[in-house]
Amino acid sequence: MLDLTKLARQMQGLSQHLSLEAVAGRQRLELAQQHLINAYACQQDLIERQEKWRDRILFANATPIEPLETRIDIPVPPKVHTVIATDGSQIAPSHHEIAYCYLLNIGRVVLHYGQNRHPLLDSLPEVFYRPEDLYASRQWGIRTEEWMGFCRTASEATVLAELACAAKSDAPTLAMVDGSLVYWFLEQLPLDARDRILLPILQAWQQLREAGIPLMGYLSASRNVEGINFLRLMACPHPVPDCVSYCPNQLEKVPCKVFEPLRDTSLWSTQLQPGQRGPLWRSNARILEFYEGQSIYFCYVHVGTEIARIEVPAWVVENKIMFDEALGLMLAQVQKGYGYPVAIAEAHNQAVVRGGDKARFFALLEKQMIKAGLKNVGTSYKEARKRGSIA
(Lines give C-alpha, C1' and ligand atoms only; values in the text may rest on other atoms or scores of the structure.)
Protein backbone atom coordinates (compact mmCIF):
# COMPACT_ATOMS: atom_id res chain seq x y z
CA MET A 1 0.00 0.00 0.00
CA LEU A 2 1.32 3.43 -0.95
CA ASP A 3 1.87 5.81 2.00
CA LEU A 4 0.75 9.17 0.59
CA THR A 5 1.78 11.05 3.74
CA LYS A 6 5.42 10.04 3.33
CA LEU A 7 5.25 10.57 -0.41
CA ALA A 8 3.94 14.15 -0.03
CA ARG A 9 7.22 15.22 1.61
CA GLN A 10 9.06 14.50 -1.63
CA MET A 11 6.63 16.40 -3.88
CA GLN A 12 8.05 19.86 -3.10
CA GLY A 13 11.52 18.90 -4.32
CA LEU A 14 10.04 17.31 -7.43
CA SER A 15 8.00 20.41 -8.30
CA GLN A 16 11.05 22.67 -7.91
CA HIS A 17 13.08 20.41 -10.17
CA LEU A 18 10.36 20.44 -12.83
CA SER A 19 10.17 24.25 -12.72
CA LEU A 20 13.91 24.57 -13.34
CA GLU A 21 13.77 21.97 -16.09
CA ALA A 22 10.95 23.86 -17.81
CA VAL A 23 13.10 27.00 -18.02
CA ALA A 24 16.06 25.02 -19.38
CA GLY A 25 13.76 23.28 -21.85
CA ARG A 26 12.59 26.60 -23.30
CA GLN A 27 16.19 27.67 -23.78
CA ARG A 28 17.05 24.43 -25.58
CA LEU A 29 13.99 24.81 -27.79
CA GLU A 30 14.96 28.36 -28.82
CA LEU A 31 18.46 27.15 -29.64
CA ALA A 32 17.09 24.28 -31.76
CA GLN A 33 14.78 26.67 -33.61
CA GLN A 34 17.73 28.89 -34.51
CA HIS A 35 19.80 25.93 -35.70
CA LEU A 36 16.87 24.78 -37.84
CA ILE A 37 16.61 28.19 -39.50
CA ASN A 38 20.36 28.25 -40.11
CA ALA A 39 20.19 24.76 -41.61
CA TYR A 40 17.79 25.94 -44.34
CA ALA A 41 20.68 27.56 -46.22
CA CYS A 42 23.18 24.71 -45.87
CA GLN A 43 20.97 21.62 -45.87
CA GLN A 44 22.69 19.97 -48.83
CA ASP A 45 26.13 20.53 -47.33
CA LEU A 46 25.00 18.92 -44.07
CA ILE A 47 23.61 15.93 -45.95
CA GLU A 48 26.89 15.49 -47.83
CA ARG A 49 28.87 15.63 -44.57
CA GLN A 50 26.45 13.17 -43.02
CA GLU A 51 26.83 10.73 -45.92
CA LYS A 52 30.61 11.05 -46.09
CA TRP A 53 31.15 10.47 -42.36
CA ARG A 54 28.23 8.16 -41.66
CA ASP A 55 30.49 5.31 -40.53
CA ARG A 56 32.22 7.61 -38.03
CA ILE A 57 29.08 9.21 -36.56
CA LEU A 58 28.07 7.46 -33.35
CA PHE A 59 24.57 8.85 -32.83
CA ALA A 60 21.33 7.99 -34.62
CA ASN A 61 20.37 10.61 -37.18
CA ALA A 62 17.98 10.81 -40.12
CA THR A 63 18.35 12.37 -43.57
CA PRO A 64 15.82 14.96 -44.77
CA ILE A 65 14.74 14.23 -48.34
CA GLU A 66 12.69 17.42 -48.66
CA PRO A 67 13.65 21.01 -47.81
CA LEU A 68 13.61 21.54 -44.05
CA GLU A 69 11.22 24.48 -44.50
CA THR A 70 8.59 22.17 -46.06
CA ARG A 71 5.10 22.70 -44.65
CA ILE A 72 2.34 20.85 -46.51
CA ASP A 73 -1.40 20.86 -45.78
CA ILE A 74 -2.76 17.32 -45.62
CA PRO A 75 -5.54 16.75 -48.19
CA VAL A 76 -9.12 15.90 -47.26
CA PRO A 77 -9.67 12.11 -47.62
CA PRO A 78 -12.37 10.56 -49.82
CA LYS A 79 -15.64 9.78 -48.04
CA VAL A 80 -15.57 6.16 -49.19
CA HIS A 81 -12.60 4.31 -47.70
CA THR A 82 -11.47 1.48 -45.42
CA VAL A 83 -9.08 1.51 -42.47
CA ILE A 84 -7.52 -1.64 -40.99
CA ALA A 85 -5.54 -1.96 -37.77
CA THR A 86 -4.13 -4.62 -35.45
CA ASP A 87 -2.70 -4.51 -31.95
CA GLY A 88 -1.61 -7.18 -29.52
CA SER A 89 -1.61 -8.12 -25.86
CA GLN A 90 -0.49 -11.15 -23.90
CA ILE A 91 -0.58 -13.19 -20.72
CA ALA A 92 2.99 -13.78 -19.66
CA PRO A 93 4.13 -17.21 -18.47
CA SER A 94 4.54 -17.73 -14.72
CA HIS A 95 5.84 -20.69 -12.76
CA HIS A 96 3.36 -19.77 -10.01
CA GLU A 97 0.30 -20.38 -12.19
CA ILE A 98 -1.33 -23.76 -12.74
CA ALA A 99 0.62 -24.28 -15.98
CA TYR A 100 3.65 -22.65 -17.59
CA CYS A 101 2.33 -21.24 -20.86
CA TYR A 102 1.64 -17.90 -22.48
CA LEU A 103 -1.12 -16.37 -24.55
CA LEU A 104 -0.97 -13.88 -27.44
CA ASN A 105 -4.15 -12.01 -28.30
CA ILE A 106 -4.22 -9.98 -31.53
CA GLY A 107 -6.99 -7.40 -31.83
CA ARG A 108 -8.40 -7.02 -35.35
CA VAL A 109 -10.34 -4.02 -36.68
CA VAL A 110 -11.66 -3.29 -40.17
CA LEU A 111 -13.72 -0.10 -40.51
CA HIS A 112 -15.58 0.67 -43.73
CA TYR A 113 -16.76 4.22 -44.37
CA GLY A 114 -19.47 5.14 -46.88
CA GLN A 115 -19.83 1.53 -48.08
CA ASN A 116 -22.76 0.12 -46.10
CA ARG A 117 -20.57 -2.76 -44.89
CA HIS A 118 -20.37 -4.18 -41.39
CA PRO A 119 -17.12 -3.51 -39.51
CA LEU A 120 -14.92 -6.25 -38.07
CA LEU A 121 -13.98 -5.92 -34.42
CA ASP A 122 -12.65 -9.07 -32.77
CA SER A 123 -9.48 -10.71 -31.49
CA LEU A 124 -7.44 -13.75 -32.44
CA PRO A 125 -6.03 -15.62 -29.39
CA GLU A 126 -3.28 -18.23 -29.53
CA VAL A 127 -1.86 -20.18 -26.60
CA PHE A 128 1.75 -21.44 -26.56
CA TYR A 129 2.67 -24.37 -24.36
CA ARG A 130 5.05 -26.65 -26.29
CA PRO A 131 8.71 -26.73 -25.21
CA GLU A 132 9.86 -25.41 -28.59
CA ASP A 133 7.66 -22.34 -28.02
CA LEU A 134 8.59 -21.80 -24.38
CA TYR A 135 12.31 -22.51 -24.35
CA ALA A 136 13.63 -22.07 -27.91
CA SER A 137 14.64 -18.45 -27.28
CA ARG A 138 16.98 -19.47 -24.45
CA GLN A 139 19.49 -20.80 -26.96
CA TRP A 140 20.11 -17.13 -27.84
CA GLY A 141 20.03 -15.95 -24.22
CA ILE A 142 16.60 -14.32 -24.61
CA ARG A 143 14.07 -14.60 -21.80
CA THR A 144 10.73 -16.19 -22.69
CA GLU A 145 8.81 -13.06 -21.63
CA GLU A 146 10.95 -10.90 -23.93
CA TRP A 147 10.67 -13.34 -26.83
CA MET A 148 6.91 -13.38 -26.39
CA GLY A 149 6.83 -9.62 -27.09
CA PHE A 150 8.90 -10.07 -30.25
CA CYS A 151 6.56 -12.81 -31.50
CA ARG A 152 3.58 -10.56 -30.83
CA THR A 153 5.05 -7.89 -33.11
CA ALA A 154 5.43 -10.42 -35.92
CA SER A 155 1.89 -11.74 -35.40
CA GLU A 156 0.44 -8.22 -35.55
CA ALA A 157 2.06 -7.66 -38.97
CA THR A 158 0.98 -11.05 -40.33
CA VAL A 159 -2.63 -10.64 -39.23
CA LEU A 160 -2.70 -7.07 -40.59
CA ALA A 161 -1.65 -8.26 -44.06
CA GLU A 162 -4.20 -11.08 -44.02
CA LEU A 163 -6.99 -8.69 -43.07
CA ALA A 164 -5.98 -6.09 -45.66
CA CYS A 165 -5.79 -8.59 -48.51
CA ALA A 166 -9.14 -10.14 -47.54
CA ALA A 167 -10.85 -6.74 -47.28
CA LYS A 168 -9.34 -5.30 -50.46
CA SER A 169 -11.83 -3.41 -52.62
CA ASP A 170 -11.90 -0.48 -55.03
CA ALA A 171 -12.19 1.92 -52.09
CA PRO A 172 -8.96 3.53 -50.80
CA THR A 173 -7.59 1.44 -47.93
CA LEU A 174 -5.08 2.15 -45.17
CA ALA A 175 -3.36 -0.42 -42.91
CA MET A 176 -2.23 1.03 -39.57
CA VAL A 177 -0.17 -0.20 -36.63
CA ASP A 178 0.49 1.36 -33.27
CA GLY A 179 4.14 2.29 -32.91
CA SER A 180 7.28 2.35 -34.99
CA LEU A 181 8.10 0.35 -38.12
CA VAL A 182 11.78 0.61 -37.16
CA TYR A 183 12.33 -2.37 -34.88
CA TRP A 184 15.36 -1.12 -32.96
CA PHE A 185 15.18 -4.02 -30.51
CA LEU A 186 16.19 -6.46 -33.28
CA GLU A 187 19.66 -4.91 -33.63
CA GLN A 188 21.01 -6.77 -30.60
CA LEU A 189 19.57 -10.18 -31.50
CA PRO A 190 21.60 -13.03 -33.03
CA LEU A 191 21.04 -13.54 -36.74
CA ASP A 192 18.83 -16.65 -36.42
CA ALA A 193 16.62 -15.04 -33.77
CA ARG A 194 16.31 -11.83 -35.78
CA ASP A 195 15.32 -13.68 -38.95
CA ARG A 196 12.63 -15.61 -37.12
CA ILE A 197 10.95 -12.32 -36.19
CA LEU A 198 11.84 -10.01 -39.06
CA LEU A 199 11.22 -12.27 -42.09
CA PRO A 200 7.48 -12.80 -41.38
CA ILE A 201 7.11 -9.05 -40.92
CA LEU A 202 8.81 -8.27 -44.25
CA GLN A 203 6.71 -10.93 -46.00
CA ALA A 204 3.55 -9.33 -44.61
CA TRP A 205 4.68 -5.91 -45.82
CA GLN A 206 5.37 -7.35 -49.26
CA GLN A 207 1.81 -8.69 -49.37
CA LEU A 208 0.50 -5.20 -48.60
CA ARG A 209 2.74 -3.75 -51.31
CA GLU A 210 1.50 -6.20 -53.92
CA ALA A 211 -2.10 -5.47 -52.92
CA GLY A 212 -1.50 -1.72 -53.28
CA ILE A 213 -2.46 -1.00 -49.66
CA PRO A 214 -0.29 1.57 -47.84
CA LEU A 215 1.17 0.65 -44.46
CA MET A 216 1.57 3.27 -41.75
CA GLY A 217 3.01 3.30 -38.24
CA TYR A 218 1.48 5.91 -35.92
CA LEU A 219 3.56 7.11 -32.96
CA SER A 220 1.87 9.21 -30.31
CA ALA A 221 4.08 11.11 -27.84
CA SER A 222 7.17 10.00 -29.75
CA ARG A 223 10.47 10.38 -27.92
CA ASN A 224 12.56 10.07 -31.08
CA VAL A 225 15.51 12.42 -31.69
CA GLU A 226 16.65 11.43 -35.20
CA GLY A 227 15.65 14.83 -36.60
CA ILE A 228 17.17 16.83 -33.77
CA ASN A 229 20.35 14.80 -34.15
CA PHE A 230 20.63 15.94 -37.78
CA LEU A 231 21.02 19.48 -36.41
CA ARG A 232 23.89 18.23 -34.23
CA LEU A 233 25.93 18.17 -37.44
CA MET A 234 25.67 21.98 -37.42
CA ALA A 235 26.52 22.21 -33.73
CA CYS A 236 29.66 20.09 -34.14
CA PRO A 237 32.71 22.28 -33.33
CA HIS A 238 35.21 19.94 -34.98
CA PRO A 239 36.44 20.18 -38.60
CA VAL A 240 34.47 17.05 -39.53
CA PRO A 241 31.77 15.02 -37.70
CA ASP A 242 34.19 12.22 -36.79
CA CYS A 243 32.78 11.02 -33.45
CA VAL A 244 35.12 8.02 -33.33
CA SER A 245 38.19 10.29 -33.21
CA TYR A 246 36.89 13.33 -31.35
CA CYS A 247 34.04 12.10 -29.12
CA PRO A 248 34.23 8.31 -28.74
CA ASN A 249 32.22 8.25 -25.50
CA GLN A 250 28.74 9.49 -26.41
CA LEU A 251 27.49 8.94 -22.85
CA GLU A 252 29.56 11.90 -21.71
CA LYS A 253 28.68 15.55 -22.32
CA VAL A 254 29.89 16.14 -25.88
CA PRO A 255 29.96 19.60 -27.55
CA CYS A 256 27.19 18.93 -30.08
CA LYS A 257 24.66 17.76 -27.47
CA VAL A 258 23.32 21.27 -27.04
CA PHE A 259 19.67 20.23 -27.39
CA GLU A 260 19.57 17.16 -25.16
CA PRO A 261 17.04 15.94 -24.03
CA LEU A 262 14.86 17.86 -26.52
CA ARG A 263 12.67 15.64 -28.72
CA ASP A 264 11.76 16.02 -32.38
CA THR A 265 8.11 16.56 -31.49
CA SER A 266 8.97 19.52 -29.26
CA LEU A 267 10.71 21.31 -32.11
CA TRP A 268 8.04 20.59 -34.72
CA SER A 269 5.27 21.72 -32.39
CA THR A 270 6.62 25.24 -32.96
CA GLN A 271 6.82 24.83 -36.75
CA LEU A 272 3.54 23.24 -37.83
CA GLN A 273 -0.07 24.34 -37.92
CA PRO A 274 -2.93 21.87 -37.34
CA GLY A 275 -3.38 19.68 -40.40
CA GLN A 276 0.15 20.24 -41.69
CA ARG A 277 3.11 17.92 -42.10
CA GLY A 278 6.78 18.76 -42.06
CA PRO A 279 9.49 17.44 -44.40
CA LEU A 280 10.01 13.76 -45.13
CA TRP A 281 13.01 12.06 -43.52
CA ARG A 282 14.76 8.78 -44.23
CA SER A 283 15.72 6.83 -41.15
CA ASN A 284 19.33 5.62 -41.04
CA ALA A 285 18.85 3.07 -38.27
CA ARG A 286 21.29 0.19 -38.70
CA ILE A 287 18.58 -2.44 -38.42
CA LEU A 288 17.15 -1.18 -41.73
CA GLU A 289 20.11 -2.78 -43.51
CA PHE A 290 18.24 -6.08 -43.01
CA TYR A 291 14.89 -4.80 -44.31
CA GLU A 292 15.53 -6.11 -47.84
CA GLY A 293 15.25 -2.70 -49.47
CA GLN A 294 12.15 -1.61 -47.54
CA SER A 295 13.64 1.53 -46.01
CA ILE A 296 11.53 3.49 -43.55
CA TYR A 297 10.63 7.15 -44.03
CA PHE A 298 8.88 9.42 -41.56
CA CYS A 299 7.43 12.86 -41.11
CA TYR A 300 5.87 14.82 -38.28
CA VAL A 301 2.22 15.82 -38.52
CA HIS A 302 0.23 18.28 -36.44
CA VAL A 303 -2.94 16.24 -35.92
CA GLY A 304 -4.62 18.94 -33.86
CA THR A 305 -4.00 17.50 -30.40
CA GLU A 306 -0.30 16.70 -30.70
CA ILE A 307 2.62 16.24 -33.06
CA ALA A 308 2.49 12.64 -34.28
CA ARG A 309 5.36 10.81 -35.94
CA ILE A 310 4.16 8.98 -39.05
CA GLU A 311 6.29 6.17 -40.51
CA VAL A 312 5.85 4.45 -43.87
CA PRO A 313 7.95 2.07 -46.02
CA ALA A 314 9.79 3.41 -49.07
CA TRP A 315 7.24 2.00 -51.52
CA VAL A 316 4.53 4.19 -49.99
CA VAL A 317 6.62 7.36 -50.29
CA GLU A 318 7.50 6.54 -53.90
CA ASN A 319 3.80 6.72 -54.82
CA LYS A 320 2.92 10.35 -54.03
CA ILE A 321 -0.81 9.86 -54.60
CA MET A 322 -0.86 6.87 -52.26
CA PHE A 323 1.20 8.70 -49.62
CA ASP A 324 -0.96 11.85 -49.63
CA GLU A 325 -4.16 9.79 -49.53
CA ALA A 326 -2.82 7.72 -46.62
CA LEU A 327 -2.03 10.89 -44.65
CA GLY A 328 -5.56 12.15 -45.27
CA LEU A 329 -7.09 8.89 -44.04
CA MET A 330 -4.83 8.97 -40.98
CA LEU A 331 -5.88 12.51 -40.06
CA ALA A 332 -9.54 11.59 -40.47
CA GLN A 333 -8.98 8.67 -38.08
CA VAL A 334 -7.49 11.00 -35.48
CA GLN A 335 -10.45 13.35 -35.77
CA LYS A 336 -12.94 10.49 -35.45
CA GLY A 337 -11.04 9.20 -32.42
CA TYR A 338 -10.92 12.59 -30.66
CA GLY A 339 -7.15 12.88 -30.82
CA TYR A 340 -6.02 9.32 -31.56
CA PRO A 341 -6.75 7.01 -34.55
CA VAL A 342 -10.01 5.25 -33.78
CA ALA A 343 -9.01 2.04 -35.62
CA ILE A 344 -5.82 1.62 -33.56
CA ALA A 345 -7.66 2.44 -30.32
CA GLU A 346 -10.33 -0.15 -31.07
CA ALA A 347 -7.70 -2.75 -32.02
CA HIS A 348 -6.10 -2.18 -28.62
CA ASN A 349 -9.45 -2.52 -26.86
CA GLN A 350 -10.07 -5.80 -28.66
CA ALA A 351 -6.60 -7.12 -27.80
CA VAL A 352 -6.22 -6.12 -24.16
CA VAL A 353 -6.41 -8.97 -21.66
CA ARG A 354 -8.03 -7.71 -18.47
CA GLY A 355 -7.90 -9.25 -15.01
CA GLY A 356 -11.20 -11.06 -15.47
CA ASP A 357 -10.08 -12.44 -18.84
CA LYS A 358 -6.90 -13.78 -17.27
CA ALA A 359 -8.83 -15.46 -14.46
CA ARG A 360 -11.22 -17.08 -16.96
CA PHE A 361 -8.29 -18.23 -19.10
CA PHE A 362 -6.66 -20.07 -16.22
CA ALA A 363 -10.03 -21.39 -15.01
CA LEU A 364 -10.63 -22.89 -18.46
CA LEU A 365 -7.10 -24.31 -18.46
CA GLU A 366 -7.60 -25.81 -15.00
CA LYS A 367 -10.84 -27.45 -16.14
CA GLN A 368 -9.12 -29.02 -19.13
CA MET A 369 -6.21 -30.28 -17.00
CA ILE A 370 -8.57 -31.94 -14.51
CA LYS A 371 -10.56 -33.42 -17.38
CA ALA A 372 -7.31 -34.89 -18.72
CA GLY A 373 -6.75 -36.66 -15.40
CA LEU A 374 -4.03 -34.43 -13.95
CA LYS A 375 -3.87 -34.14 -10.16
CA ASN A 376 -2.72 -31.42 -7.74
CA VAL A 377 -3.73 -28.71 -10.17
CA GLY A 378 -3.43 -25.22 -8.66
CA THR A 379 -1.32 -22.10 -8.20
CA SER A 380 1.76 -21.93 -5.97
CA TYR A 381 1.36 -20.98 -2.30
CA LYS A 382 3.13 -17.70 -3.06
CA GLU A 383 0.62 -16.77 -5.75
CA ALA A 384 -2.30 -17.80 -3.55
CA ARG A 385 -1.09 -15.64 -0.65
CA LYS A 386 -0.47 -12.62 -2.93
CA ARG A 387 -4.13 -12.67 -3.98
CA GLY A 388 -5.37 -12.08 -0.44
CA SER A 389 -4.18 -10.63 2.87
CA ILE A 390 -4.61 -12.06 6.35
CA ALA A 391 -3.31 -8.93 8.10
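Look above for the structure.
Please read all numbers here as calculations on a predicted model, not as lab measurements.

Structural notes on the layout of surface pockets
Part 1 of the reasoning: The computed volume of the largest pocket comes to approximately 520 Å³.
Part 2 of the reasoning: Around the largest pocket sit 22 residues that line it, and Arg 54, Asn 61, Asn 284, Ala 285 and Arg 286 are the ones nearest its centre.
Part 3 of the reasoning: Ranked by residue count, the leading element in the lining of the largest pocket is helix H2 (residues 43-52), at 3 residues.
Part 4 of the reasoning: Of the residues assigned to the lining of the largest pocket, the class counts are 8 nonpolar, 6 polar and 8 charged.

Quick word on the packing of helix H4 (residues 144-167) against helix H5 (residues 191-211)
Part 1 of the reasoning: Here H4 crosses H5 at 15 degrees, and the two axes come no closer than 9 Å. By the angle between their axes, H4 is roughly parallel relative to H5. Seen from above, H4 lies across H5 with left-handed handedness. In this structure, H4 contributes Trp 147, Phe 150, Cys 151, Thr 153, Ala 154, Ala 157, Thr 158, Leu 160, Ala 161, Ala 164 and Cys 165 to the contact, and H5 contributes Ala 193, Arg 196, Ile 197, Pro 200, Ile 201, Ala 204, Trp 205, Gln 207, Leu 208 and Ala 211.
Part 2 of the reasoning: Within the contact of H4 with H5, the residues separate by chemical class into 17 nonpolar, 3 polar and 1 charged.

Concerning the pattern of salt bridges
Part 1 of the reasoning: Counted by the stated rule, this structure contains 12 salt bridges.
Part 2 of the reasoning: Residue Arg 28 is joined to Glu 21 by a salt bridge in which the shortest nitrogen-to-oxygen separation is 2.4 Å.
Part 3 of the reasoning: Judged by its relative accessible area of 32%, Glu 21 is partly exposed.
Part 4 of the reasoning: By sharing partners, the salt bridges in this structure join Glu 226, Arg 309 and Glu 311 into a single network.

Observations regarding the nonpolar core
Part 1 of the reasoning: Trp 205 and Met 330 are the most contacted members of the largest nonpolar core, which has 79 residues in total.
Part 2 of the reasoning: Top element by residues in this core is H4. It accounts for 12 residues.
Part 3 of the reasoning: Judged by nonpolar contacts, the second largest core, of 28 residues, contains Ala 62, Ala 235, Cys 243 and Leu 267.

As for the pairing of strand S7 (residues 215-219)
Part 1 of the reasoning: Of all 5 residues that make up S7, 5 are buried, and the element is covered over most of its length.
Part 2 of the reasoning: Both faces of S7 are covered, namely the face carrying Leu 215, Gly 217 and Leu 219 and the face carrying Met 216 and Tyr 218.
Part 3 of the reasoning: The sheet contact formed by strand S6 (residues 173-178) and S7 spans 4 bridges and is parallel. Residue pairing in the sheet places Met 176 in a bridge with Met 216 of S7.
Part 4 of the reasoning: Each parallel crossover has a hand, and for S6 linked through H5 to S7 it is right-handed.
Part 5 of the reasoning: Across 3 bridges, the pairing between S7 and strand S11 (residues 307-313) is antiparallel. Looking at the pairing, Leu 219 lines up with Arg 309 of S11.

Some thoughts on the pairing of strand S4 (residues 102-113)
Part 1 of the reasoning: With 12 of 12 residues buried, S4 is to be regarded as a mostly interior element.
Part 2 of the reasoning: Of the two faces of S4, the one lined by Tyr 102, Leu 104, Ile 106, Arg 108, Val 110 and His 112 and the one lined by Leu 103, Asn 105, Gly 107, Val 109, Leu 111 and Tyr 113 are each fully buried.
Part 3 of the reasoning: Where strand S3 (residues 81-91) and S4 come together, 11 bridges link them in antiparallel fashion. Bridge pairing links Val 83 to Leu 111 in S4.
Part 4 of the reasoning: Bridging between S4 and strand S5 (residues 120-128) involves 9 bridges; their strand directions are antiparallel. In the sheet register, Val 109 faces S5, and the bridge partner there is Leu 121.
Part 5 of the reasoning: As consecutive antiparallel partners, S4 and S5 are separated by 6 residues, and within that stretch Gly 114 has a phi angle of approximately 65 degrees, a positive value.

Rules used throughout
Residues numbered from 1 in each chain as written. Predicted model: local features only at pLDDT ≥ 70, side-chain atom pairs only at ≥ 80, totals over all residues. Heavy atoms only, no water. 1 Å grid on protein atoms, 1.4 Å probe; cavity = no way out; pocket = protein on both sides within 12 Å on 5 of 7 lines; lining within 4 Å. Points joined across faces, edges and corners; volume = space filled by probe spheres on them. Helix = DSSP H or I, 4+ residues; strand = E, 2+ residues; numbered from the N terminus. Nonpolar A, V, L, I, M, F, W, Y, C, P; charged D, E, K, R; others polar. Axes fitted to C-alpha atoms, helices over the stretch in contact; angles between N-to-C directions. Parallel < 35°, antiparallel > 145°, perpendicular 65-115°, else oblique. Left-handed = near helix turned anticlockwise from the far one by under 90°. Contact = heavy atoms within 4.5 Å. Salt bridge = Lys/Arg side-chain N within 4 Å of Asp/Glu carboxyl O. Buried < 20%, exposed > 50% of the residue type's maximum accessible area, 1.4 Å probe, protein only. Core = buried A, V, L, I, M, F, W, Y, C linked by side-chain atoms within 4.5 Å. Pairing = 2+ DSSP bridges. Right-handed = clockwise from strand over helix to strand, strands pointing away.

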